[in-house]
Amino acid sequence: MNTSLLNAAFFLAFFLLQTSFISSLPGVLSLTPLLFVVGVYLVQHQSFSAGAWWIIAFGLLTDLLGVTAAPVSTLAHAAAAGVAFLSARHLFSNRSLYGVVACGILSLAVRDAVQAAWLGVRFLRHPETVLWKPFLDALPWEAALAVILLVILFSFAPKIRTMLTKTFLLGRSHETF
Amino acid sequence: MMPSTHKRAGRRALRIFLTVAAIFTAVFLFRGLVTRGLAVVQRPLSAAGTWMTDRTFGVFAPSAESAEQIKRLEAERNALAVEFTELDRLRDENAQLREQLAFADRTELRTVTAAVIARAGAQRPTAFVIDRGSDDGVRLGAPVVVGDGILVGKVSSVGHATATVTTATDPSIATAATLLNKTHTIGLAEGMDGRLLRLALIPQDETISVNDLVITSGLEEGVPSGLLIGIVNAVHSDRREPFQEAIVEPLADIRRHAAVSVIVQ
């Protein structure tokens, strides 16, 4: 129970940081996908599957609280979380930076593809209401910022592992890198 | 060994799923309470990010003027625009009073001040969430302004304690507008690309100039007249076409504001 509450507390902190602080930052900094990247990193490099739940919860909460237009965020983040989880288990090595970055980019691509598909469906019905340019302009910046964040998290991997172990979010015998 | 490991993993996954489901059910049922609670933390976080955006305005844009000078000039322009709109309104009212020898009631606008607590980012760049909802008198379609009556958007969804505002530059938002040119052309200001608006279907015989101000016409229910929408920065006119189009630049950049006012009456 304590682990779940701690999980929820960490998630909430990242959620508030993402939707209130980061999204208000100037220029491309507002596109930093902090919570998403942290979730993917935890799933891929630390084998901490709750990271996938964080990603799904983020999508669900942003739709529920009216930050995004439901249900696109839930669907996109759920798909991305699934891809992150499965690719971390079966596709990419959790011992190298390249595996971590590849998993992050693939998950981000899946999330953006679902959002693009949703925009496409809306475009068929109400083409004048769809903003393609800001969405497409944001993609390379989001990817670049995600890679930078993943590199930073990878470089702090032992410290992150120690913190997760100390807070009992991760068992000591849990195998990762 | 393997089956019990799988069982443990399965039980853990089920525990996590049930916890998440319980949390979200609680959030859904007590949305108002949850959003009010979260808003306490969201307000300062959003204000901090917006402060950084405002302070770094102009840093990355090449300009002959410094950022401080640009801000000063913008503030002067907006103040003059507000004065001009009021002057124009008074001139019209004066003309009507002289004609009819009657007095119109001045309408006092009732507003609710709200803090911006969340923004959607790239997924929905033209929307943001405020910490006021139906419990505070906010209703769907209510105009949202900053400063001395500069329109930034309309309320597009309302909860008990929060509301989502879509900016006027979103393609799904249209506002009944008046151009402050010689003939006070009436039109519909529609959002374009998230940054600009378009005043379309203006007859060719109407004279529109760059720097003409665009205000709300008052012909739309719930949106009072006289709110500043923007300034014309380009006119697309082809004599072979029956209509011309004005591109309107909004006077306020919502990304530099942490607080807004919702007109509730």
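The shown structure was predicted, so the numbers you read here are calculated from the model rather than taken from an experiment.

1. Digging into the overall build of chain A
Right, so step 1: The helix and strand tally for chain A stands at 7 helices and 0 strands.
Right, so step 2: Its helices and strands in sequence order give chain A the pattern α-α-α-α-α-α-α, from N to C terminus.
Right, so step 3: Here chain A has a C-alpha radius of gyration of 16 Å; the compact-globule value for 177 residues is 16 Å, and the two agree.
Right, so step 4: Across the 177 residues of chain A, 50% fall into the buried class.
Right, so step 5: Across chain A, the fraction of contacts at a sequence separation of at least 24, relative to all contacts at a separation of at least 6, is 63%.
Right, so step 6: In the structure as shown, chain A presents an accessible area of about 8,000 Å², 73% of it carried by carbon and sulfur atoms.
Right, so step 7: Averaged over its 10 positive side-chain charges, chain A has a centre that lies 14 Å from the centre of its 6 negative ones.

2. Observations concerning the overall build of chain B
Right, so step 1: Looking only at helices and strands, chain B has 3 helices and 12 strands in total.
Right, so step 2: Counting only C-alpha atoms and orienting by the principal axes, one finds that chain B spans roughly 90 × 45 × 40 Å.
Right, so step 3: Within chain B, the proportion of its 265 residues that are buried is 41%.
Right, so step 4: Sequence-distant contacts, at least 24 apart, represent 57% of the contacts inside chain B between residues at least 6 apart.
Right, so step 5: Just so you have it, chain B exposes about 14,600 Å², and 58% of that area is on carbon and sulfur atoms.
Right, so step 6: Separation of charge centres in chain B, based on 29 positive and 30 negative side chains, amounts to 15 Å.

3. Re a nonpolar patch on the surface
All names here are of chain B.
Right, so step 1: There is a patch of nonpolar side chains on the surface, built from Phe-28, Leu-29, Phe-30 and Leu-33 and spanning about 500 Å² of accessible area.
Right, so step 2: As for its placement among the helices and strands, Leu-29 is situated in helix H1 (residues 2-29).
Right, so step 3: Owing to a relative accessible area of 60%, Leu-29 belongs among the exposed residues under this scheme.

4. Some points on the packing of helix H1 (residues 2-21) of chain A against helix H2 (residues 31-55) of chain B
Right, so step 1: H2 of chain B packs onto H1 of chain A with a crossing angle of 45° between their chain directions and a minimal axis gap of 8 Å. In terms of orientation, H1 of chain A and H2 of chain B fall into the oblique class. As for how H1 of chain A packs across H2 of chain B, the hand of that crossing is right-handed. Of H2 of chain B, the residues touching H1 of chain A (which contributes Leu-12, Leu-16, Leu-17, Thr-19, Ser-20 and Phe-21 of chain A) are Leu-38, Val-41, Gln-42, Leu-45, Ser-46, Ala-48, Gly-49 and Met-52 of chain B.

5. Observations regarding a positive patch on the surface
Right, so step 1: A cluster of basic side chains, namely Lys-7, Arg-8, Arg-11 and Arg-15 of chain B, defines a positive patch on the protein surface.
Right, so step 2: When you line up the elements, Arg-8 of chain B lands in helix H1.

6. Re the interface of chain B and chain A
Right, so step 1: Each partner contributes to the interface: chain B provides 41 residues, whereas chain A provides 34 residues.
Right, so step 2: Taken together, the connections running from chain B to chain A amount to 0 salt bridges.
Right, so step 3: Across the chain B-chain A interface, the total number found is 9 residue pairs in polar contact (both at pLDDT 80 or more).
Right, so step 4: Elements supplying a minimum of two residues to the side of chain B that touches chain A: H1, H2 and strand S1 (111-119) of chain B.
Right, so step 5: Considered class by class, the residues forming the side of chain B that touches chain A number 21 nonpolar, 13 polar and 7 charged.

7. Topic: the pairing of strand S10 (residues 228-236) of chain B
Regular strands place side chains that alternate from one sheet face to the opposite one.
All names here are of chain B.
Right, so step 1: In this structure, strand S9 (residues 213-216) lies alongside S10, joined through 3 bridges in antiparallel fashion. Looking at the pairing, Ile-215 lines up with Leu-228 of S10.
Right, so step 2: The sheet contact formed by S10 and strand S11 (residues 243-250) spans 6 bridges and is antiparallel. Residue pairing for S11: Ala-234 is matched across the bridge by Ile-247.
Right, so step 3: From the end of S10 to the start of S11, which pair antiparallel, there are 6 residues.

8. Details of the nonpolar core
Right, so step 1: One finds Phe-11, Phe-15, Tyr-41, Leu-42, Trp-54 and Leu-61 of chain A to be the most contacted residues of the largest nonpolar core, which totals 50 residues.
Right, so step 2: Among the elements that take part in this core, helix H2 (residues 34-44) of chain A stands out by supplying 9 residues, more than any other.
Right, so step 3: Residues within four places of Trp-54 of chain A in sequence aside, it is in contact with Asn-7, Phe-10, Phe-11, Phe-14, Leu-35, Val-38 and Leu-42 of chain A.
Right, so step 4: Grouped together as the second largest cluster of nonpolar side chains are 26 residues, Val-116, Ala-142, Leu-180 and Leu-251 of chain B included.

9. Some remarks on unusual backbone geometry
Residue and element names in this part refer to chain B.
Right, so step 1: Phi angles above zero are rare outside glycine, and His-184 is one such case at about 50°.
Right, so step 2: As for its placement among the helices and strands, His-184 is situated in the loop between strand S6 (174-179) and strand S7 (186-191).
Right, so step 3: Backbone geometry places Asn-211, a non-glycine residue, at a positive phi of 80°.
Right, so step 4: Along the chain, Asn-211 falls in the loop between strand S8 (197-203) and S9.

10. Overview of helix H4 (residues 72-90) of chain A
Right, so step 1: Here H4 of chain A is 19 residues long and its end C-alpha atoms lie 27 Å apart, about the 27 Å a rise of 1.5 Å per residue gives.
Right, so step 2: Buried residues along H4 of chain A sit in contact with H2, helix H3 (50-64) and helix H5 (97-125) of chain A.

11. Digging into H3 of chain A
Residue and element names in this part refer to chain A.
Right, so step 1: Its 15 residues place the ends of H3 20 Å apart at the C-alpha level, agreeing with the 21 Å of an ideal helix rising 1.5 Å per residue.
Right, so step 2: Of all the positions in H3, only Ala-50, Gly-51, Ala-52, Trp-54, Ile-55, Ala-57, Phe-58, Gly-59, Leu-61, Thr-62, Asp-63 and Leu-64 are classed as buried.
Right, so step 3: The first or second residue beyond H3 is Gly-66, which carries a positive phi of 80°.

12. Here we look at the pattern of salt bridges
Right, so step 1: Evaluation of the coordinates by the stated rule reveals 11 salt bridges over all chains.
Right, so step 2: With a shortest N-O distance of 2.9 Å, Glu-142 of chain A and Arg-111 of chain A are connected by a salt bridge. Linking Glu-142 of chain A in helix H6 (residues 132-155) with Arg-111 of chain A in helix H5, this pair joins segments that are 31 residues apart in sequence. There is no split in this pair, since Glu-142 of chain A and Arg-111 of chain A are both buried.
Right, so step 3: Across the pair Asp-54 of chain B and Arg-256 of chain B runs a salt bridge, and its minimum N-O distance is 3.0 Å. Taken together, the residues Asp-54 of chain B in helix H2 and Arg-256 of chain B in the loop between S11 and strand S12 (259-263) connect sequence positions 202 residues apart.
Right, so step 4: In the salt-bridge network here, residues are joined through shared partners; they are Asp-54, Lys-71, Glu-74 and Arg-256 of chain B.

Definitions and limits used
- Residues numbered from 1 in each chain as written.
- Chains lettered and ligands numbered in written order.
- Predicted model: local features only at pLDDT ≥ 70, side-chain atom pairs only at ≥ 80, totals over all residues.
- Heavy atoms only, no water.
- Helix = DSSP H or I, 4+ residues; strand = E, 2+ residues; numbered from the N terminus.
- Rg over C-alpha atoms; globule rule 2.2 N^0.38 Å.
- Buried < 20%, exposed > 50% of the residue type's maximum accessible area, 1.4 Å probe, protein only.
- Contact = heavy atoms within 4.5 Å.
- Areas by Shrake-Rupley, 256 points an atom, 1.4 Å probe, with all protein chains shown as cover.
- Lys, Arg positive; Asp, Glu negative; His and termini not counted.
- Charge placed at Lys NZ, Arg CZ, Asp CG, Glu CD.
- Patch = residues over 30% accessible without salt bridge, like charges linked within 9 Å, V, L, I, M, F, W, Y side chains within 5 Å.
- Salt bridge = Lys/Arg side-chain N within 4 Å of Asp/Glu carboxyl O.
- Axes fitted to C-alpha atoms, helices over the stretch in contact; angles between N-to-C directions.
- Parallel < 35°, antiparallel > 145°, perpendicular 65-115°, else oblique.
- Left-handed = near helix turned anticlockwise from the far one by under 90°.
- Polar contact = N/O pair within 3.5 Å; in protein donor to acceptor, adjacent residues only side chain to side chain.
- Nonpolar A, V, L, I, M, F, W, Y, C, P; charged D, E, K, R; others polar.
- Pairing = 2+ DSSP bridges.
- Core = buried A, V, L, I, M, F, W, Y, C linked by side-chain atoms within 4.5 Å.
- Expected span 1.5 Å × (residues − 1).

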